[in-house]
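# Architecture and fold: a report
Now for the letters of each chain:
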Amino acid sequence: MKLKPLYIVVISCIQISFAQNYETKVDSLMQLMTLQEKIGQTTMYSGNWDQTGPFVGSDNGKYIREGNMGAMLNAMSVKGTRDLQKIAVEESRLGIPLLFGYDVIHGHRTIFPINLGLSASWDLRMIEESSRIAAEEASAEGIHWTFAPMIDVSREPRWGRISEGAGEDVYLNNRIAEAYVKGFQGDDLSQHNTILACAKHYVAYGAAQAGRDYHTTNMGEGELRNVYLPPFKAAVNAGVETFMSAFNELNGVPTSGNKFTLRDILRDEWKFDGFVVSDYTSINEMINHGFAKDSIDAAKIGMNAGVDMDMVGDVYRLHLQQLIEDGKVSETYINDACKRILMAKYKLGLFDDPYRYIDEKREATTKYRPKFLAKAQEIASASSVLLQNKNETLPLSNTTNTIAFIGPLVKDKADILGNWAAKGDRYGKAISIFEGLSAYLKPEQILFAKGCDILTDDESGFEEAIKISKQADAIVLVMGEDHHMSGEAASRTDLKIPGIQPKLIRKIREANLTKKITLVLMNGRPLNLSKEVELVDAILEIWFPGTMGGAATADLLFGKVNPSGKLTVTFPRNVGQVPIYYNMKNTGRPIPEHWPKADYKSNYIDVANTPLFAFGHGLSYTSFKYSELKLSSETLTYSNAIEASIEVSNTGKFDGYEIVQLYIHDKVGSVTRPVKELKGFEKVFLKKGQTKTITFTITVEDLKFYNSEMTYGVETGEFEIAIAPHSDFKFKHAFNLID
C-alpha cells in the first residue's frame, strides 16, 4: 500500500497535534514502520560529489523509494537535494525526509583559516561566528548536518589531521568545542539557517601511534578520561546533536565497536540523547582490524556497541534484520537508533516542511556575502601567529622602494584554502597574497619570483629568485606545504618545510647577508624551523588562512592589523622530540634548572628538551608588561573561591590584543599531575600606554581530575599558579586547598 507523504500523514492521518512533543510524534510514526524501514533510517549512502575513502556504490534512488536510506552524504545544492528529497517524501511508503550531511569543516563557500589556525586566535566569539556563517551558507544549499567540529586533542604534529583540531590543550579544546557547536546549531534548530553539529572523532583518534592516520591508539583509562574525553563531554554539555565514532582502535577495541566508550560513557554516564554515526566505512573496517570476522559480524558489533547510523558501509541495511531474527542484535537497539535519527529530523523541522532548506533565492544570495568575506579577512588576521620578529623587521613600510616576494605560494589561490575546504572556490574567489599586496604597494614596488615548487627538486627558478632578492630593499618569502600535505591521510615523518624550499631560503640569505628577510608560512601542522630561525629575521605563521587569506596577510605585513594569534600546539626543534607538549609530566630525574646537560637526567644528548616555540607563544608589534600576580587569598576551600589578578600594560608603539593565560600546577597528587595546565584565558585589547587589570576566579572545579580509581574529584594540597603570556615560565606563586 502506498501511503501519502509523511509530512501530511503525521498531521492528518495520525492526528498528532503540533503541541505534542517530538518524542510522542516519533513514537507514533514508528508504529507505522516496518523493521526494515527502521533499519533504513540507520543507513547512509553517498552522493556522487565527493569521496573520503573507499566508495561503496549504491542505487540511491531505489534505496530511497524503498525506505532503505535515512541520510545522504555529499549531496548538496538546492536542485540536487530537492530532487532527492522529492523521492523520499513523495515516492516512498512513509515519506520520511532525508537528512543531508556534508563536511563543512572551516567554512562552506566562504572559507576561514584551518581549524588549527582558528584555534590560534584564542577568540571564542570569532570561532562561533565562523561556524555560524558556515551554517548559513551550507543550509542555503540544502545541507542539514555537518561532520564537525573535530575535537580530538592531539600532541602529534606528524598526524595530518592535527590541522582540523584545536591543538594539544584540554581546556582550550573544551571551550572551542562549545563555540563550534553553538555556531553551527544556534539557539533554535528549527530555524532554517542552522545545521546539526557532529562531535568527532570519538575517541582518542588524535593519539594514533607514530602519527600515522587510522592507526592504533593505546592509553590508560586515566589519560583517556583526563585528556581525550573532556572535549566530547563539553560538546554534550553544549547540546551537540550527533557524534561520530573514529577510525582508530582504542586499547584493542575499534572505536566503532567500543561499548565502553559508546554506551557506558556516552549514553549511561553523560546521558547523550542524540545519535552516533560511524566514520566512512569504519564499521566495515573492523574486519581489517581483526575484530570482526565478516560484514555480518561487523554489523552486529557496531549496533550492539552503540553506533546508530552506518556511513556508507552498507552493513546495517544488508544484515541487521537477519541479526535481529537470529537474536544476535536486540530490536530495542534498532528502535532506539531509529528514534534518535527521527528526532533530529523533527528538531530541524523537516517533517513540518521537507523542503524548508531548499530555496533558490536564499542559495543565490547567501554565499560569499560581503559581510562574510569581511569577517573571514578579520578572522584570518587574528589567527596568524608572529613567531619571530628580530630587529622589528615587521611591519613592512609601503614606502620601501622595492620588496621581493619569492616562493611557490606568493600567487597561490588553491592551497591557501587548506584541506577540507568544502565548496570554497580555489581559483575564483580566493585572494592570493600577491593580490592582497595591491592595497599597499604599487606594481613597480613589487618584484616577484616563484623560485621553486613545493614538491619537485627543480632548481631552475633559483637564479631569478636570487637575482630579484639582490635588487630589492626587503625580502618576503612565502613558503610551506601544499594543502594535500595536511588533513586526512596526510601523515608526515619529516616536519621540515618540504622540498627544496629550505635550500632556496639558505641561498637567498647567503646572497643577502645584511638585508631583512621575512618568512611567511602556509601550513597545516607544526614544522621544524630550527634552521629557518637562524636564516630569516621574521616568521609569520598564517596556516592556510582561507578565502580572504591574501588580504589578511597583507594587512599583517604592513601593520594595518597587529598580529595577536598564539600557538595552541608546540613547535618542536626536530621530529625526534615528538611527542612534545607544554603540560607533560615530570620524571624522577628532571633536568636541573641551571644545568641542562647534567648527566643521568631526563634529557637528550644532542638537543635541548625545550621546544622551538612553546604553546601559547605569539609576538606582537607592540610590547606588553605583566605586573606581579595578586591572590585574594592563599587558601582555597570547597565552598569559597579565590581570585588571581594581574595588571597588563601596553608598553609599545602600537595598539594590540594580548592573550592572557592562567596556569595551575597541582604539586602532589594521588596520581602524578602535569607540570602545568591551562585553566583560563582572556583576550584583551590595549591601546598603547593603556593598562588593564585581568582577574580570574578559581574554584575547586578548576582543580578536579580522575584519580587511579577513576573517581573525578579534587585533592587538598598545594597548587602553584601563574598568569603569563605563554606557557614558557617558572611558577613563583602558590595557594593551598584545604577542607
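From a predicted model like this one, the values you see are computed outputs, not experimental measurements.

### Considering the confidence of the model for the protein chain
- Looking at the protein chain, the pLDDT average stands at 95 and 96% of residues meet or exceed 70.
- Confidence over residues 6–19 falls short of pLDDT 50; this stretch has 26 contacts with residues more than four positions distant or in other chains.

### Focus on the side chain of Q501
- Relative to the helices and strands, Q501 resides in helix 20 (residues 501–511).
- Look at Q501 and you get buried, because its relative accessible area is 0%.
- At 2.9 Å, the side chain of Q501 and the backbone oxygen of P498 are in polar contact.
- Excluding residues within four positions of it along the chain, Q501 makes contact with P408, C452, D453, I454, M479 and G480.

### Focus: the pattern of salt bridges
- Scanning all chains against the criterion turns up 39 salt bridges.
- Its salt-bridge partner being R93, residue E37 comes within 2.8 Å of it at the nearest N-O pair. One end of the pair, E37, is in helix 3 (residues 35–41); the other, R93, is in the loop between helix 5 (78–91) and strand 3 (99–102), with 56 residues separating them in the sequence.
- Assessed through its relative accessible area of 9%, E37 is described here as buried.
- Close ionic contact of K503 with E459 constitutes a salt bridge, the shortest N to O distance being 2.7 Å. Here E459 lies in the loop between strand 13 (446–449) and helix 19 (462–471) and K503 lies in helix 20, a separation of 44 residues in the sequence.
- The exposure class assigned to K503 is partly exposed, which follows from its relative accessible area of 29%.
- Salt bridges here are not isolated pairs; linked through shared partners, they connect R125, E129, K375 and E378.

### Remarks on the packing of aromatic side chains
- If you walk through the whole model with that rule in mind, you get 29 aromatic pairs.
- On the numbers, 4.9 Å between centres and 55° between planes, the contact of F243 with F272 is tilted. Taken as a pair, F243 in strand 6 (residues 242–245) and F272 in the loop between helix 11 (259–269) and strand 9 (275–277) lie far apart in primary sequence, 29 residues in all. Across the pair, exposure class does not vary: F243 and F272 are buried alike.
- Counting every residue linked through ring pairs, the aromatic cluster contains W122, Y171, Y582, F615, Y663, F681, F729 and F731.
- Against the face of Y333 rests R263, its NZ or CZ located 3.8 Å from the ring centre.
- Across from the ring centre of F434, 4.5 Å away, lies the NZ or CZ of K411, which sits over that ring.

### Describing the side chain of K566
- Mapped onto the secondary structure, K566 falls in the loop between helix 22 (549–557) and strand 17 (624–626).
- Each residue touching K566, except ones within four places of it in the same chain, is listed here: A120, W122, V385, G616, H617, G618, E658, I659, Q661 and P725.

### Remarks on the nonpolar core
- Counting 186 residues, the largest nonpolar core has W145, Y202, F243 and L529 as the members making the most contacts within it.
- It is helix 8 (residues 170–185) that contributes the most residues to this core, eight residues altogether.
- Of all hydrophobic cores here, the second largest spans 24 residues; its members include F624, A644, I698 and L737.

### Observations regarding helix 20
- Taken as a whole, helix 20 has its buried residues at Q501, L504, I505, I508 and R509. What you see down the axis of helix 20 is that its buried residues fit within an arc of 135°, all on one side.

### Concerning the pairing of strand 22 (residues 677–686)
- With respect to burial, strand 22 is a largely interior element, eight of its 10 residues being buried.
- The pairing of strand 21 (residues 656–666) with strand 22 spans nine bridges and is antiparallel. Bridge pairing links E658 to V684 in strand 22.

### Looking at the environment of S649
- On the secondary structure map, S649 appears in strand 20 (residues 642–650).
- By relative accessible area, which is 16% here, S649 ends up buried.
- Contact partners of S649, with chain neighbours within four places excluded, come to S623, F624, K625, L686, Q690 and T691.
- A distance of 2.6 Å separates polar atoms of two side chains, one belonging to S649 and the other to T691.

Reading the values: the criteria
- Position numbers for residues start from 1 in each chain and track the written sequence from start to end.
- The predicted nature of this model means local features are confined to residues of pLDDT at least 70 and side-chain atom pairs, given and counted, to a pLDDT of 80 or more, with totals for whole chains, interfaces and linings taken over all residues.
- Derived side-chain values reflect all non-hydrogen atoms in the structure, with water molecules and hydrogen atoms excluded from consideration.
- Think of pLDDT as the predictor's per-residue confidence, scored from 0 to 100.
- Contacts are residue-level and defined by heavy atoms, with any inter-residue pair within 4.5 Å sufficient.
- Under the scheme used here, helices are H or I runs from DSSP no shorter than 4 residues and strands are E runs no shorter than 2 residues, and both carry numbers assigned from the N terminus.
- Burial classes follow relative accessibility: with a 1.4 Å probe on protein chains only, a residue under 20% of its type's maximum area counts as buried, one over 50% as exposed, and anything between as partly exposed.
- Polar contact is defined as a pair of N or O atoms within 3.5 Å, subject to the rule that within protein one atom must be able to donate a hydrogen and the other to accept it, and that residues adjacent in sequence are counted only when both atoms are side-chain atoms.
- Just to be clear on terms, a salt bridge is a Lys or Arg side-chain nitrogen sitting within 4 Å of an Asp or Glu carboxyl oxygen.
- Classification of ring pairs uses Phe, Tyr and Trp, with its six-membered ring standing for Trp, and accepts pairs whose centres are within 6.5 Å; under 30 degrees between planes counts as stacked, over 60 as edge-to-face, and the remaining range as tilted.
- Only when the NZ atom of a Lys or the CZ atom of an Arg is both within 6 Å of the ring centre and within 35 degrees of the ring normal do we say a charge sits over the ring.
- Working definition of a nonpolar core: buried Ala, Val, Leu, Ile, Met, Phe, Trp, Tyr and Cys residues. They are joined through side-chain atoms within 4.5 Å.
- Read the arc as the range of directions from the helix axis to the C-beta atoms.
- Two strands qualify as a pair provided that DSSP identifies no fewer than 2 bridges between them.

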